[in-house]
Amino acid sequence: MQDLEKLKKRSEFQRAYHKGKKYWNQYFVIYVLNTDFNLLRFGITVSKKVGKSVQRNRVKRLIRESFRQLRPKIKKGYDLVVVGRTPATQLTAQEAHIALANLFQRAAIFKRRNQNRK
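Residues numbered from 1 in each chain as written. Predicted model: local features only at pLDDT ≥ 70, side-chain atom pairs only at ≥ 80, totals over all residues. Heavy atoms only, no water.

## Description of the overall build of the chain
Threshold: Under the scheme used here, helices are H or I runs from DSSP no shorter than 4 residues and strands are E runs no shorter than 2 residues, and both carry numbers assigned from the N terminus. For this measure, only C-alpha atoms enter the radius of gyration; the expected value for a globule follows 2.2 Å times N^0.38, where N is the number of residues. Whether two residues touch is decided by their heavy atoms; if any such pair falls within 4.5 Å, the residues are in contact. With residues, only the protein chains shown are counted as cover, and all accessible areas are computed by Shrake-Rupley using a 1.4 Å probe.
Helices and strands together make up the secondary structure of the chain, namely three helices and five strands. For 118 residues, the compact-globule estimate of 2.2 N^0.38 gives 13 Å, and the C-alpha radius of gyration of the chain, at 14 Å, lies within 12% of that figure. When its C-alpha atoms are laid out on the principal axes, the chain stretches across 40 × 30 × 25 Å. Put simply, 81% of the contacts in the chain that link residues at least 6 apart link residues at least 24 apart. Accessible surface, the chain: about 7900 Å² in total, of which carbon and sulfur atoms supply 47%.

Set out below in structure tokens:
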């Protein structure tokens, strides 16, 4: 768990937004910023435009759980920010997992297969 930290400060999120690469689909937007650190930093944002607190928190839980399952496959050295969009409130856990996995695949942040054995 030491290789994962949360993005907490507004400046950390802003740096990912402005300097990172952006990938999106119908449900999520991800910002990927390559860093020189040997750790993975992760942040989630879900705007009030998405819905009331119940819907926003559900989207955050879906993102967190999907990321927890995908984390062993992701290379270290990135700041990731996942932004939930309004259609994500209708997703099942499996659909959220697939949608995020596709974005991470497009961003090319997955380890190669032979690196997963370590």
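## Let's talk about the pairing of strand S5 (residues 78–84)
Along a regular strand, successive side chains alternate from one face of the sheet to the other. Note the cut-off: Relative accessibility decides the category of a residue: with a 1.4 Å probe and only protein chains considered, values under 20% of the type maximum give buried, values over 50% give exposed, and everything between is partly exposed. One requirement defines pairing of two strands: DSSP has to find at least two bridges between them. When the strands point away from the viewer and the connection leading from the first strand across the helix to the second strand turns clockwise, the crossover is called right-handed.
Among the seven residues that make up S5, seven are buried, leaving the element largely enclosed by the rest of the structure. Of the two faces of S5, both are covered, the one formed by Tyr 78, Leu 80, Val 82 and Gly 84 as well as the one formed by Asp 79, Val 81 and Val 83. Here strand S3 (residues 28–34) pairs with S5 via seven bridges, running antiparallel. The residue of S5 that forms the bridge with Val 32 is Leu 80. Handedness of the crossover joining strand S4 (residues 40–46) and S5 through helix H2 (residues 53–70) is recorded here as left-handed.

## Re the nonpolar core
Worth spelling out the cut-off: Here, nonpolar core refers to any group of buried Ala, Val, Leu, Ile, Met, Phe, Trp, Tyr and Cys residues whose side-chain atoms link them within 4.5 Å.
Phe 28, Ile 30, Ile 74, Leu 80 and Phe 104 are the most contacted members of the largest nonpolar core, which totals 29 residues. The greatest single-element share of this core, amounting to six residues, is contributed by helix H3 (residues 93–106). With residues near it in sequence (within four places) discarded, Ile 30 still touches Lys 21, Lys 22, Tyr 23, Val 81, Val 82, Leu 100, Leu 103, Phe 104 and Ala 107. One finds Phe 13, Ala 16, Tyr 31 and Val 83 within the second-largest nonpolar core, a separate group that totals seven residues.

## Here's the deal with the environment of Leu 39
Tracing the backbone shows Leu 39 in the loop between S3 and S4. Taking the C-alpha atoms as reference points, Leu 39 and Asn 102, separated by 63 residues in sequence, lie 22 Å from one another.

## What about the packing of H2 against H3?
For any two helices packed against each other, one specifies the inter-axial angle together with the distance between the axes. What counts, and what does not: Lines fitted to C-alpha atoms define the axes, with helix axes restricted to the stretch in contact, and inter-axis angles between N-to-C directions lie between 0 and 180 degrees. Geometric relationships in this document are graded by angle, where less than 35 degrees denotes roughly parallel, more than 145 denotes roughly antiparallel, 65 to 115 denotes roughly perpendicular, and other angles denote oblique. Helix crossings are classified by the rotation of the near helix relative to the far one: an anticlockwise turn of less than a right angle makes the crossing left-handed, while a clockwise turn makes it right-handed. Put simply, Ala, Val, Leu, Ile, Met, Phe, Trp, Tyr, Cys and Pro go in the nonpolar bin, Asp, Glu, Lys and Arg in the charged bin, and everything else, Gly too, in the polar bin.
Interhelical geometry of H2 versus H3 gives an angle of 60 degrees and a closest axis separation of 9 Å. Judged on the interaxial angle alone, H3 and H2 are oblique. Considering the relative orientation of H2 and H3, their crossing is right-handed. Taken together, the residues of H3 that come into contact with H2 (itself represented by Leu 62, Ile 63, Ser 66, Phe 67, Gln 69 and Leu 70) are Ala 93, Ala 96, His 97, Leu 100, Ala 101 and Phe 104. Broken down by class, the residue content of the contact of H2 with H3 amounts to nine nonpolar, three polar and no charged.

## Topic: a positive patch on the surface
Formally: Nonpolar side chains (Val, Leu, Ile, Met, Phe, Trp, Tyr) are joined into patches within 5 Å and like charges within 9 Å, using only residues with over 30% relative accessible area and no salt bridge. Any carboxyl oxygen of Asp or Glu that lies within 4 Å of a side-chain nitrogen of Lys or Arg is treated as forming a salt bridge with it. Within this scheme the basic residues Lys and Arg register as positive and the acidic residues Asp and Glu register as negative, but His and the chain ends are omitted. For this purpose, a charge sits on NZ of Lys, CZ of Arg, CG of Asp or CD of Glu.
A contiguous patch of positive charge on the surface is contributed by Lys 6, Lys 8, Arg 58, Arg 61 and Arg 64. Sorting elements by how many residues they give to the positive patch places H2 first, with three residues. Assignment of secondary structure puts Arg 61 in helix H2.

## With respect to H3
Basically, it comes down to this: What a helix should span is 1.5 Å times the count of its residues minus one.
Here H3 spans 20 Å end to end across 14 residues, near enough to the 20 Å set by a 1.5 Å rise per residue. Among the residues of H3, those classed as buried are Ala 96, Ala 99, Leu 100, Ala 101, Leu 103 and Phe 104. Taken together, the buried residues of H3 touch strand S2 (21–24), S3, H2 and S5. In the stretch just after H3, Ala 108 is the one whose phi turns positive, near 60 degrees.

Remember, this is a structural readout, not a statement about activity or role.
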